[in-house]
Amino acid sequence: MEAERVRWVANRGVNEEELLKGLPEDIEKEVRRNLCLNLIMEVPLFTFMEPQVLDAICERLRQSLYIRNSIILEKNHCIEKMHFFVKGDVEIEENGVFKPLRSRFCGEELLIWCLQKESQQSGIYSRFTHAKSSYVCIHESENFVFRRG
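Here is a short report on the structure shown in this document. (Residues numbered from 1 in each chain as written. Predicted model: local features only at pLDDT ≥ 70, side-chain atom pairs only at ≥ 80, totals over all residues. Heavy atoms only, no water.)

Some details on the sheet that holds strand E2 (residues 71-73)
Strand order across the open sheet formed by 4 strands is E2-E7-E4-E5, with antiparallel pairing between neighbours. The open sheet has two free edges, formed respectively by E2 and strand E5 (97-100), since each of these has just one partner strand. Shown here is a sheet whose adjacent strand axes are inclined to one another by a mean of 35°, direction ignored. Inspection of the sheet shows strand E4 (residues 90-94) paired to strand E7 (residues 135-137) by 3 bridges, in the antiparallel sense. Paired with Val90 across the strands is Cys137, a residue of E7. (Pairing = 2+ DSSP bridges. Helix = DSSP H or I, 4+ residues; strand = E, 2+ residues; numbered from the N terminus. Axes fitted to C-alpha atoms, helices over the stretch in contact; angles between N-to-C directions.)

Here it is in structure tokens:
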């Protein structure tokens, strides 16, 4: 109930994903690009990617909301999403101590895993990658989520 209340307040009752889906495809792509490109360009690995790849990433990002004390990523658990934070405060656990997250993203291990998987045509690689740290939402957090697969 708390999550729905926060979502309602944050979006003022408007389902932004449904609004975007109702637009013509080219306009939807342009809106997503304008909303997300600056966020994803903060990830060093993305600065070397072709514009078409960046556009594809922007198209796959979906808006998400976390309420206070939500665990965004848990240490040693499988990473299935990369998060790009728009608003809110997130802390990262380092050596048992929680500190404010300095970047506006987390879950970049997923990118490295995907690249390693693609570069290994044969051979053994980990089926999934795991978070090296825990990330916890301190206050409500609005973000965009990129899911693998």
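Let's talk about the state of the cysteines
Going through the model one piece at a time under the given rule, you end up with 0 disulfides. Sulfur of Cys58: no disulfide; nearest cysteine sulfur belongs to Cys36 and is 5.1 Å away. Its relative accessible area of 1% is what places Cys58 among the buried residues. (Disulfide = S-S within 2.5 Å. Buried < 20%, exposed > 50% of the residue type's maximum accessible area, 1.4 Å probe, protein only.)

A look at the pairing of strand E3 (residues 81-87)
In terms of strand pairing, E3 meets strand E8 (residues 141-147) through 6 bridges, oriented antiparallel. The residue of E8 that forms the bridge with Lys87 is Glu142. By the bridge criterion, 2 bridges tie E3 to strand E6 (residues 105-106) in an arrangement that is antiparallel. Within E6, the residue paired with Phe84 across the bridge is Phe105.

A look at the sheet that holds E8
Reading across from one edge, E1-E8-E3-E6 is the order of the 4 strands in this open sheet, with antiparallel pairing throughout. Pairing within the sheet leaves two strands with one partner each, and these edge strands are strand E1 (62-66) and E6. Looking at chain direction, E1 and E8 are connected through 5 bridges and run antiparallel. Within E8, the residue paired with Leu65 across the bridge is Glu142. The strands touched by helix H3 (residues 25-40) are E1, E3 and E8; relative to E3, the strand with the most contacts, the crossing angle is about 100°. The strands touched by helix H4 (residues 51-60) within the sheet are E1 and E8, with E8 carrying the most contacts at an inclination of about 120°. (Contact = heavy atoms within 4.5 Å.)

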